[in-house]
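# Structural features, examined
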Amino acid sequence: MRAFMLWLLSGLGIIARPRFMARLTEQHPKLSEIADRDVVIVQSGGYVKWACLRCPCGCGDKITLSLDRNRTPGWAVTIDWLSRPSVSPSVWQKARCRSHFWIRRGSVEWCVDSGRGNGIKA
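Residues numbered from 1 in each chain as written. Predicted model: local features only at pLDDT ≥ 70, side-chain atom pairs only at ≥ 80, totals over all residues. Heavy atoms only, no water.

### Some remarks on the pattern of salt bridges
- Following the criterion strictly, the structure yields 5 salt bridges and no others.
- We note a salt bridge from Asp-38 to Arg-23, for which the minimum N-O separation is 3.1 Å. Of this pair, Asp-38 sits in strand β2 (residues 38-44) while Arg-23 sits in strand β1 (residues 21-25), and the two are 15 residues apart along the sequence.
- On the basis of relative accessible area, Arg-23 is assigned to the partly exposed category, the value being 31%.
- Measuring nitrogen to oxygen at the nearest pair gives 3.7 Å for the salt bridge that ties Asp-36 to Arg-54. Of this pair, Asp-36 sits in the loop between β1 and β2 while Arg-54 is found in strand β3 (residues 47-54), placing the two residues 18 residues apart along the sequence. (Salt bridge = Lys/Arg side-chain N within 4 Å of Asp/Glu carboxyl O. Helix = DSSP H or I, 4+ residues; strand = E, 2+ residues; numbered from the N terminus. Buried < 20%, exposed > 50% of the residue type's maximum accessible area, 1.4 Å probe, protein only.)

So this is what it looks like as structure tokens:
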């Protein structure tokens, strides 16, 4: 039903088609198990542990974000009723591709200082 609602709302131009969709699992995924559109949330026993995704710049890197509130650095992920993830704070790949971006409601918003984007939604 969610997929249909997402298709309908984006087809009517009410919402933008999201770049990422959230998926829950209990196992930490290998890179080959993460689709380009996935933000994989690893949870165990009701605790969220990690968010895993492929870098949206296309470099192919796996990004793993700690969702443990007691760790630094740490991130938070919220998932709306259409399974679109939002990640806070921003994600910054300081090595290699130098991507710096936000994920909001499944869309990528590039930061101006990114090696990839110029504040453009993708």
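### What to know about the environment of Leu-24
- One can find Leu-24 in strand β1.
- With 46 residues separating them in the primary sequence, Leu-24 and Asn-70 have C-alpha atoms 21 Å apart.
- When sequence neighbours within four positions are dropped, the list of residues in contact with Leu-24 reads Ile-41, Gln-43 and Ile-79. (Contact = heavy atoms within 4.5 Å.)

### Remarks on the sheet that holds strand β6 (residues 85-92)
- Taken in spatial order, the 4 strands line up as β5-β6-β7-β8 in an open sheet, and their pairing is antiparallel. On the outer flanks of this sheet lie β5 (76-79) and β8 (107-110), each paired with one strand and no other. This sheet shows a mean twist of 25° between the axes of neighbouring strands, independent of strand direction. (Pairing = 2+ DSSP bridges. Axes fitted to C-alpha atoms, helices over the stretch in contact; angles between N-to-C directions.)

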